[in-house]
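An overview of the molecular structure
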Amino acid sequence: MYQSDYILRQIEQLGTVLRRLLDMLRQARPEEALQLAEEAVSFVADAPLVLLDALGPDGLVQYLSAGGQLDVDRAVLLARTLNERAQAYDAGERFDEADGQREKAEALLHAAQKVDAERVRHVLEMLN
């Protein structure tokens, strides 16, 4: 029960942050959007941004699998957040960095799908 409540709170908080981020992008404020996206990435992963940036796609999947199995909820939330970070990079014309974020997001979603595709769908629906 506690785990479920925690995930629901994270989804709710992340949804609010993502809406703010999209507003910033619409208002052509890419640097502010990027800063917010970076805070969201660090929050969702519960790790310093410097660590997350140092990890490649496979390393990030392994990091979220530290307990022996991938944390599907966090993987989906982080993938969504990385995709938003990529949009902020695109808005700032930092295309290589955006591509790196998308690669990590794709790796997380792919790994999460292999563990529990139904849960992936459910978390994504909750974010929308």
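Note: the structure precedes this text.
Below: a short report on this structure.

Procedures and definitions
- Numbering of residues starts from 1 in each chain and follows the order in which that chain's sequence is written.
- The predicted nature of this model means local features are confined to residues of pLDDT at least 70 and side-chain atom pairs, given and counted, to a pLDDT of 80 or more, with totals for whole chains, interfaces and linings taken over all residues.
- Side-chain calculation: all heavy atoms of the structure are included, whereas hydrogens and water are not.
- Salt bridges are counted wherever a side-chain nitrogen of Lys or Arg sits within 4 Å of a carboxyl oxygen of Asp or Glu.
- Counting from the N terminus, the helices are the DSSP runs of H or I reaching at least four residues and the strands are the DSSP runs of E reaching at least two.
- The classification of residues rests on relative accessible area computed with a 1.4 Å probe and restricted to protein chains. Under 20% of the type maximum is buried, over 50% is exposed, and intermediate values are partly exposed.
- Here, residues are in contact when the closest pair of their heavy atoms is within 4.5 Å.
- Here an angle of 0 to 180 degrees is reported between the N-to-C directions of two axes, which are lines fitted to C-alpha atoms, with helices fitted over the stretch in contact.
- Handedness of a crossing follows from how the near helix is turned relative to the far one, being left-handed for an anticlockwise turn of less than a right angle and right-handed for a clockwise one.
- For this scheme, ten residues count as nonpolar: Ala, Val, Leu, Ile, Met, Phe, Trp, Tyr, Cys and Pro. Four count as charged, namely Asp, Glu, Lys and Arg, and the remainder, Gly too, count as polar.
- Should an angle lie under 35 degrees it is considered roughly parallel, over 145 roughly antiparallel, and from 65 to 115 roughly perpendicular; all remaining angles are considered oblique.

1. Quick word on the pattern of salt bridges
- The full count for this structure, using the stated rule, is 10 salt bridges.
- The residue R85 makes a salt bridge to E38 at a minimum N-O spacing of 3.3 Å. On the criterion of sequence distance, the pair formed by R85 in helix α5 (residues 72-91) and E38 in helix α2 (residues 30-45) is long-range, its members being 47 residues apart.
- With relative accessibility at 1%, the residue R85 sits in the buried group.

2. Looking at the side chain of T81
- With respect to the element layout, T81 can be found in helix α5.
- The residues contacting T81, other than those within four sequence positions of it, are L14, A37, A40, V41 and V44.

3. Details of the packing of α5 against helix α6 (residues 95-127)
- At a closest axis distance of 6 Å, the pairing of α5 and α6 adopts a crossing angle of 150 degrees. Classified by chirality, the crossing of α6 by α5 is left-handed.
- A breakdown of the residues in the contact of α5 with α6 according to their chemical character gives 20 nonpolar, three polar and nine charged.

4. Quick notes on the packing of α2 against α5
- The interhelical angle for the contact between α2 and α5, taken along N-to-C directions, is 165 degrees, at an axis separation of 9 Å. Classified by the interaxial angle, the pair formed by α2 and α5 is roughly antiparallel. Of the two possible hands of crossing, α2 and α5 adopt the one that is left-handed. Contact residues: P30, A33, L34, A37, E38, A40, V41, V44 and A45 in α2; R74, L77, L78, T81, L82, R85, A88, Y89 and A91 in α5.
- Tallied by class, the residues present in the contact of α2 with α5 amount to 14 nonpolar, one polar and three charged.

5. What to know about the environment of L52
- Among the structural elements, L52 can be located in helix α3 (residues 49-54).
- Residue L52 is classed as buried on the basis of its relative accessible area, which comes to 3%.
- Separated by 48 residues in the primary sequence, L52 and G100 place their C-alpha atoms 12 Å from one another.
- Ignoring sequence-local partners within four residues, the contact set of L52 consists of V41, S42, A45, A47, L60, Y63 and K104.

6. Remarks on unusual backbone geometry
- Positive phi is not limited to glycine here, since D46 has a value of about 55 degrees.
- With phi around 60 degrees, E93 is a residue other than glycine that occupies positive phi space.
- Within the secondary structure, E93 sits in the loop between α5 and α6.
- Assessed through its relative accessible area of 61%, E93 is described here as exposed.

Worth remembering: the numbers are spatial, not functional.
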